[in-house]
Amino acid sequence: MKPETRAIHAGNAPDPATGAVAPPIQLATTFVHGPAAERHEGPEGGHEYQRESHPTQSRLEAALATIEGGAAALAFATGMAAIHALLSSLARGSRVLVPRDVYSGTRVLAREFLPELGIEPVFVDMTDPAAVRVALIDGAACVWVETPSNPRLEVSDLAAIAEAAHAAGAIVACDNTFATPALQHPLALGADVVMHSTTKYLGGHSDVMGGALVFARRDALHARVAHRRHLTGATLAPFNAWLILRGIRTLYVRVAQHCRNARAIAEFLVAHPKVARVHYPGLSGDPGHAVARRQMRDYGGMVSFAPVGGRDAALEVCRRVRLFTNATSLGGVESLIEHRASVEGAQPVTADDLVRLSVGLEHADDLIADLAQALDGPSA
Ligand SMILES: *Cc1c(COP(=O)(O)O)cnc(C)c1O
C-alpha cells in the first residue's frame with residue numbers, strides 16, 4: 001500500500017461501538033476493570049488510567065507507527081516531553097552526541113538537564129560523518145540527529161551516521177519534525193527512534209501541541225520510555241490526540257504544497273540582489289543538497305535566508321512583511337516569519353542576520369510578492 005493511503009487509514013477504523021466513520025474522542029480518565037484489576041477486553045480495550053494510555057492516543061500511536069514504518073509509537077504532551085523522556089531514559093554516565101545546529105529547546109535541555117542526570121552532551125557537526133566517527137571514539141549511548149536542522153536547514157547523512165553509531169554501540173534518534181514522514185523515513189535509513197513535535201506539520205494548523213517517539217523495535221528502550229511517560233505524566237490529552245490524528249489524514253497533500261511554495265520562494269530569494277544567503281536543501285547549490293536528494297522525497301516547507309545588510313536588514317524585512325506573520329513555530333497553513341536570534345533568548349546562537357520562514361499554503365505568487373516588497377523597501 002502507498003504511504004498516502006496508509007496515512008488516511010492508519011488508526012482510523014470505524015468506532016466499534018457506534019459505527020462512526022470519524023474516530024471518537026474518548027475523554028474517560030479511568031476504565032472499568034475486573035476485581036483483580038483484569039483489564040477490559042475488546043477492540044479498544046486494555047486501558048486502565050488515562051495517564052498510562054487511552055483509546056484516542058492508541059489510535060494516534062497506531063497511525064504514527066504506520067506512517068514512520070516503526071514497530072511502536074508513544075505520544076506525548078509536547079515535542080519537548082518526548083525528547084526529555086527519551087534522553088532521560090539513557091544510562092547515567094553515558095554521552096549523547098547532539099548536532100551543533102539543533103532546535104534551541106533541545107540544545108538547552110541537553111546543556112542544562114542532561115548533566116543533572118549524569119549524562120554528558122557532546123556537540124558535533126552532524127553534517128560531517130567523519131566528525132561523528134571521531135566523537136564516537138570515546139563512546140556514546142545515543143546520537144541525536146535533526147535533519148534538516150532548525151534553523152539552518154543543515155542536512156545530516158542518516159545512513160552513514162547510523163552505521164557509525166551502531167558500530168560504536170550507540171542508538172540513533174532522529175528529530176524528523178521538519179521533514180515529516182511524508183518526505184523522510186529515518187527508521188528505514190537505520191535510525192532506532194524517530195521523534196516528532198506533532199505541534200508542527202502533523203497537527204498542521206497551529207492549534208494543537210503534541211510530541212511523539214516512534215521505535216524501530218518494541219524493545220526494552222520502548223518499555224522504559226513508556227514507563228517514564230506514565231509516571232511523569234507527559235501524556236497527550238484526548239482532544240489533542242484527536243486533532244493530531246485528524247492532521248495526519250491530510251499530511252501528504254499539505255506537505256506537497258508546502259514543498260512547492262518553499263521551492264518557489266527559495267528560488268526567488270537566491271536570485272534576489274538584496275539577499276546574501278539562502279538555506280534550502282532543495283537548491284542545487286546548497287551544501288546539503290546531495291544527501292537530501294538521496295534520503296528525502298522532497299525538501300520541505302522551511303526556508304531561511306539572510307538579507308544583505310545584517311541584523312538591521314533582517315529586522316527590517318520582518319517589520320515590512322504584510323502576509324507573513326511574525327511568530328515562532330512552524331508547519332501550519334499560514335506563513336510565518338521569524339528573526340531567529342531574537343527569539344532564542346539571552347544567548348542566541350543563530351547568526352543575527354538570519355530570517356526563518358515557515359512557508360504556508362497560500363498561493364506562492366502572493367508570498368513572493370510580499371517578500372519582494374519587504375526586501376525592496378517602501379515604493380513611492
Ligand atoms: C518545535 C520543535 C521541537 C519541540 O516541540 P514542542 O512541541 O514545541 O515541544 C523539537 N524539535 C523541533 C525541530 C521543533 O521544531
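Everything here concerns the structure above.
Q: Looking at this structure, I do not really get helix 6 (residues 158-167). What am I missing?
A: The periodicity of an α-helix, 3.6 residues per turn, causes residues three or four places apart in sequence to face the same way. Within helix 6, burial applies to Leu158, Ala160, Ile161, Ala162, Ala164 and Ala165. Summarising the contacts, the buried residues of helix 6 are in contact with helix 5 (129-136), strand 4 (142-146), strand 5 (171-175) and helix 10 (289-295). At the exit of helix 6 stands Gly169, carrying a positive phi of roughly 80°.

Q: Mind showing me how you'd approach unusual backbone geometry here?
A: What is expected of a backbone is that most residues other than glycine have negative phi and most peptide bonds are trans. With an omega of -10°, the peptide bond between Thr147 and Pro148 qualifies as cis. Considering the arrangement of structural elements, one finds Pro148 in the loop between strand 4 and helix 6. Here the residue pair Asn150 and Pro151 is connected by a cis peptide bond, since its omega of 5° sits within 30 degrees of zero. Assignment of secondary structure puts Pro151 in the loop between strand 4 and helix 6. In this structure, Thr180 takes a positive phi of about 65° despite not being glycine. Take Thr180: it is sitting in the loop between strand 5 and strand 6 (193-197). For Thr180, a relative accessible area of 1% gives the class buried.

Q: Help me out: how do you make sense of the side chain of Asp370 in this one?
A: Assignment of secondary structure puts Asp370 in helix 13 (residues 364-376). The charged side chain of Asp370 is buried without a salt bridge, its nearest counter-charge being Arg322 at 5.5 Å. Here the side chain of Asp370 touches Arg322 through a polar contact of 2.9 Å, landing on its backbone nitrogen. The contact partners of Asp370, leaving out residues within four places of it in the chain, are Val321, Arg322, Leu323 and Phe324.

Q: Which parts of the structure should I look at to understand the site of the ligand?
A: Taken together, 16 residues sit near the ligand, with Met80, Asp175, Ser197, Thr199 and Lys200 positioned nearest. Note that an oxygen atom of the ligand is positioned 2.9 Å from one of the backbone N or O atoms of Gly79. Between the ligand and Asp175, the relevant distance is 2.6 Å, taken from a nitrogen atom to a side-chain nitrogen or oxygen of the residue. The fraction of the free accessible surface of the ligand (380 Å²) that becomes covered by protein chains is 95%. Of all elements in the fold, only helix 3 (79-87) and strand 6 reach the threshold of two or more residues within the shell around the ligand. Here the shell around the ligand is composed, by residue class, of 6 nonpolar, 7 polar and 3 charged.

So, how was this worked out
Residues numbered from 1 in each chain as written. Predicted model: local features only at pLDDT ≥ 70, side-chain atom pairs only at ≥ 80, totals over all residues. Heavy atoms only, no water. Buried < 20%, exposed > 50% of the residue type's maximum accessible area, 1.4 Å probe, protein only. Helix = DSSP H or I, 4+ residues; strand = E, 2+ residues; numbered from the N terminus. Contact = heavy atoms within 4.5 Å. Lys, Arg positive; Asp, Glu negative; His and termini not counted. Salt bridge = Lys/Arg side-chain N within 4 Å of Asp/Glu carboxyl O. Polar contact = N/O pair within 3.5 Å; in protein donor to acceptor, adjacent residues only side chain to side chain. Near = heavy atom within 4 Å. Areas by Shrake-Rupley, 256 points an atom, 1.4 Å probe, with all protein chains shown as cover. Nonpolar A, V, L, I, M, F, W, Y, C, P; charged D, E, K, R; others polar.

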